[in-house]
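# Structural overview for review
Each chain is listed here by its residues.
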Amino acid sequence: MNQTKLPFEEESKVLSPLERLSLPKDKDLPPVIREIVMNAPQNRKLPAFVASLAPLCAMCPRVRLHYYYDTRPSALLLQVLIEGAQSSGKSFAADIESLIMDKTLKARDKAMRRLEQEYRDKKKTRKANEKLESEPETTIRVVPPTISKTVLTKRADMYERVFGDTLTFWMFAEELAQVTDAGKNGYSNLRTIMRTSYDLGSLFGIDFASDNSYSAIVDINICSMFCATPAALDDYFDKKAIEGGNITRTILCKLEDDLGEDGAIFVPYSAEQRARIDAMLDRLMNETYDNDGGLQPTTQLDMSWLDKTVCKWVRDKGKQATLSGNYALDVFRKRSSVSAFRIAALCQYLYELEKSNSGSGLTGEAGLSSNSEAIRKFVRQIYLYMAEYILQNMLARWGAKFEVLNDKREAESKTGPKESIFDQLTDTFTREQLNLLIEQQGKSTPDKVFLSRWRKLKVIEFIDKNTFKKVKLLNR
């Protein structure tokens, strides 16, 4: 028997902008990311996607692209934050990082670090007048978040000295607290560097008089991923970081498990999956270094076809910000789009590499056609979803704080005397209107004190206990 629901019984849900979008199906994702996400449980598929992005970008330091709103070239540079409560299973990010880095950059760095250690050992044991050979010129890529600014500058300058160009550092921490603790020492406070390292060509320099230090002006580029509890995130992204722009350069991924939910268990990779992952990671290393240990030429990735989509999204969000008066939305939308564009470019690059490897089509379980339009469809889908995802997470985490800080700064920057509370009130006003103005001007004086003073000055009269009239205006 059919029953007609009454209007008040109907349930309607308005979908958010993010809920109207989606990423491609697991099988249609780019290589490496595809295998990682396919083996993730349902509640970790999106976090697994996000956690794979920054390390893969670090593996592609020779890729260059042009973002519509930028005048200079861009690189694949991302800063990812994985936020979750204690024991929420953030270690999955470390497993993904190890999968991508252990056999590639970390293996290469191990030999470099051994050369550095051997030199230090020789320096310690040399005789008083014994001449030591020159310090080895190493090009370390994986650096700890506790590194000092001096050492980081030296390692970045070594890229220029050895290769005549810049490379991308990889930085990972399972606990953001160690980054915060290191930052308490001025020499290891990397907040400024993390801002400049987000953009190719943004220079950082130090200049010391001491012969024992290191001075240089360098282009430091960093891809990073930090795991953090909510408290650690609050501690690191303080007022200076919120106002200074550190937050807008990040991609926040918040783990939100239901109360009492079991731990997330990832399916082990099959031998075939491992082979596909290793083959693509080897390809990425070969796209960075040539057979002689030098650098490969840069690859200019054509993303101009996505410009219209980028412009429309950025402008639509700008209109929303104007209509709502949301200054945080206006500011956050810009770099949300930049980070999403870089994610889309990374995915297109991986698709194209797999396409070139397979000859007839993309390999793997996806069975994706090598048709460029199919690739562009997925890349566009990834851009739109990630732009919205980054923006909404940023607004939810820091939007309110940003608005408060911005309002305070604007109020302090206004010059000249403020219009008095009395002059802002209408001819007939209420106690509620008065209290609202008192709050807006940050006064601590109670409303009854203002009313008492004005009554003694005979500039108001009481209509009732909550309604008042300006007398002075009537006598003009």
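Residues numbered from 1 in each chain as written. Predicted model: local features only at pLDDT ≥ 70, side-chain atom pairs only at ≥ 80, totals over all residues. Heavy atoms only, no water.

### Re the overall build of the chain
Summing up its helical and strand segments, the chain has 16 helices and eleven strands in all. Out of the 476 residues belonging to the chain, those deemed buried represent 48%. Put simply, 75% of the contacts in the chain that link residues at least 6 apart link residues at least 24 apart. Here the chain displays about 25,100 Å² of accessible surface, and carbon together with sulfur accounts for 49% of that area. (Helix = DSSP H or I, 4+ residues; strand = E, 2+ residues; numbered from the N terminus. Buried < 20%, exposed > 50% of the residue type's maximum accessible area, 1.4 Å probe, protein only. Contact = heavy atoms within 4.5 Å. Areas by Shrake-Rupley, 256 points an atom, 1.4 Å probe, with all protein chains shown as cover.)

### Overview of the pattern of salt bridges
Applying the stated rule across the entire model yields 22 salt bridges. The residue Arg34 makes a salt bridge to Glu354 at a minimum N-O spacing of 2.8 Å. On the criterion of sequence distance, the pair formed by Arg34 in helix α1 (residues 33–38) and Glu354 in helix α12 (residues 327–358) is long-range, its members being 320 residues apart. Note on accessibility: Arg34 and Glu354 belong to one class, buried. A salt bridge links Asp234 to Arg397, with the nearest nitrogen and oxygen atoms 2.9 Å apart. Taken together, the residues Asp234 in helix α8 (residues 230–236) and Arg397 in helix α13 (residues 372–413) connect sequence positions 163 residues apart. (Salt bridge = Lys/Arg side-chain N within 4 Å of Asp/Glu carboxyl O.)

### So, the sheet that holds strand β11 (residues 467–470)
Within the open sheet, the three strands sit side by side as β9-β11-β10. Their pairing is antiparallel. Edge strands, defined here as strands with exactly one partner in the open sheet, are β9 (428–430) and β10 (460–464). With direction set aside, neighbouring strand axes in the sheet form an average angle of 30°. Summarising the sheet, β9 and β11 pair through three bridges and their orientation is antiparallel. Across the sheet, Phe429 pairs through a bridge with Phe468, a residue of β11. In this fold helix α15 (residues 431–440) packs onto β9 and β11, with an angle of close to 75° to the strand it touches most, β9. Those strands touched by helix α16 (residues 447–456) are β9, β10 and β11, and its axis lies near 120° from that of β10. (Pairing = 2+ DSSP bridges. Axes fitted to C-alpha atoms, helices over the stretch in contact; angles between N-to-C directions.)

### A closer look at the packing of α15 against α16
Packing of α15 against α16 brings their axes to within 10 Å, and their N-to-C directions diverge by 110°. With respect to α16, the axis of α15 lies roughly perpendicular. Every pair of crossing elements has a handedness; the one defined by α15 and α16 is right-handed. Along the contact surface, α15 presents Arg431, Leu434, Asn435 and Ile438, while α16 presents Asp447, Phe450, Leu451 and Trp454. For the contact of α15 with α16, a count of residues per class yields five nonpolar, one polar and two charged. (Parallel < 35°, antiparallel > 145°, perpendicular 65-115°, else oblique. Left-handed = near helix turned anticlockwise from the far one by under 90°. Nonpolar A, V, L, I, M, F, W, Y, C, P; charged D, E, K, R; others polar.)

### Quick look at helix α5 (residues 149–163)
Over its 15 residues, α5 runs 21 Å from end to end, which matches the ideal 21 Å to within 8%, given 1.5 Å per residue. Within the span of α5, buried status applies to Leu152, Thr153, Arg155, Ala156, Asp157, Met158, Tyr159 and Phe163. The inward-facing, buried residues of α5 contact α4 (105–125), β3 (168–173), α7 (191–196), β4 (203–206), β5 (216–219) and β6 (221–228). Downstream of α5 by one or two residues, Gly164 has phi in the positive range, about 75°. (Expected span 1.5 Å × (residues − 1).)

### With respect to the confidence of the model for the chain
Scored by pLDDT, the chain has a mean of 87; 87% of the residues are at 70 or more. Predicted confidence for residues 1–12 stays below pLDDT 50, and this span has one contact to residues more than four positions away or in other chains. Contacts for the low-pLDDT stretch residues 359–370, under 50 throughout, to residues beyond four places or in other chains number 30 contacts. (pLDDT = per-residue confidence, 0-100.)

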